[in-house]
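Per-entry structural report
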Amino acid sequence: MGQVLEWLGNIIIIIGLVFMLLGVIGIFRFKDYYARVLVSAKVDTVGFITVLIGLMLKQGFNFFSAKVLIAVVFFVITNPIGTHAVTRSAFLSGYRIKKER
Amino acid sequence: MTFDTVVLIIVTILALFGLSRAFIGPTIWDRLLGFSLFSSKVIVAAILIGQVINRTYMIDVAIIYGVLGFVGTILIARFIERRGDV
């Protein structure tokens, strides 16, 4: 049973690393700020949650995974708020998308 | 070299690529976005270090880094939004 949970955790961690890699590729691939912030707000949060859930599966039910759960809940609350604040600052300061021609 | 060490090295490389957006970003909001990306990768790396050395105090380090990065991002964004008046 422990071996199965460890392999399952490893697979979930690899899936989360793929999400993180897509986020880092997307932040270089897109040409506009509002397209880049879309990547950073969603894909990065999904990668964070997935990697840490895999780590909690590997670790089992103990004090370590309880603290990891606290870190995950905190990050899920704060990262969209931070991204929203930065984007609101960009919009209110007058940054607009340039028209394609 | 175990699986967790390999994951830690990959996350560190991704954090360096995220930080490079903070250096080359055309606008100031791109730099803030790169800093936010780097901060989240550093939190994951700290928790992975705690898994490798099998101690729980590294998660406290990760949570405190997250709090400081969040407060810094919010305050810099408000500072730019109100043009120098927090």
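Computed from a prediction, not measured in an experiment: that's the story for all the values here.

This next bit is on the overall build of chain B. Looking only at helices and strands, one finds three helices and zero strands in chain B. Taking 12 Å as the expected radius of gyration for a compact globule of 86 residues, we find that chain B reaches 15 Å, considerably beyond that expectation. Counting only residues that meet the buried cut, chain B has 37% of its 86 residues in that class. For chain B, the share of sequence-separated contacts (at least 6 apart) that also reach a separation of at least 24 residues comes to 42%.

Now for the interface of chain B and chain A. When the parts of a complex come together, some accessible area is lost, and that lost area is often taken as the interface size. Taken together, the contact pairs 30 residues of chain B with 36 residues of chain A. Contributing elements (two or more residues each) for the side of chain B that touches chain A: helix H1 (3-24), helix H2 (28-53) and helix H3 (57-81) of chain B. Examining the composition of the side of chain B that touches chain A, we find that eleven residues originate from one element, H2(B), more than from any other. Classifying every residue of the side of chain B that touches chain A by side-chain character gives 19 nonpolar, eight polar and three charged.

Attention shifts here to the confidence of the model for chain A. On average, residues of chain A carry a pLDDT of 86, and 98% of them reach 70 or more. Per-element mean pLDDT across chain A ranges from 86 in helix H2 (residues 33-59) of chain A up to 89 in helix H3 (residues 63-92) of chain A.

The subject of this paragraph is H3(A). Along its 30 residues, H3(A) runs 44 Å from first to last C-alpha, staying within 8% of the 44 Å computed at 1.5 Å per residue. The complete set of buried residues in H3(A) reads Phe64(A), Lys67(A), Val68(A), Ala71(A), Phe75(A), Asn79(A), Gly82(A), Thr83(A), Val86(A), Thr87(A), Ser89(A) and Ala90(A). As for H3(A), its buried residues are in contact with H2 of chain A together with H2 and H3 of chain B. After H3(A) finishes, the residue Gly94(A) shows a positive phi value of roughly 95°.

Cut-offs and rules
Residues numbered from 1 in each chain as written. Chains lettered and ligands numbered in written order. Predicted model: local features only at pLDDT ≥ 70, side-chain atom pairs only at ≥ 80, totals over all residues. Helix = DSSP H or I, 4+ residues; strand = E, 2+ residues; numbered from the N terminus. Rg over C-alpha atoms; globule rule 2.2 N^0.38 Å. Buried ≥ 20, exposed ≤ 12 C-beta atoms within 10 Å, placed from the backbone. Contact = placed C-beta atoms within 7 Å. Nonpolar A, V, L, I, M, F, W, Y, C, P; charged D, E, K, R; others polar. pLDDT = per-residue confidence, 0-100. Expected span 1.5 Å × (residues − 1).

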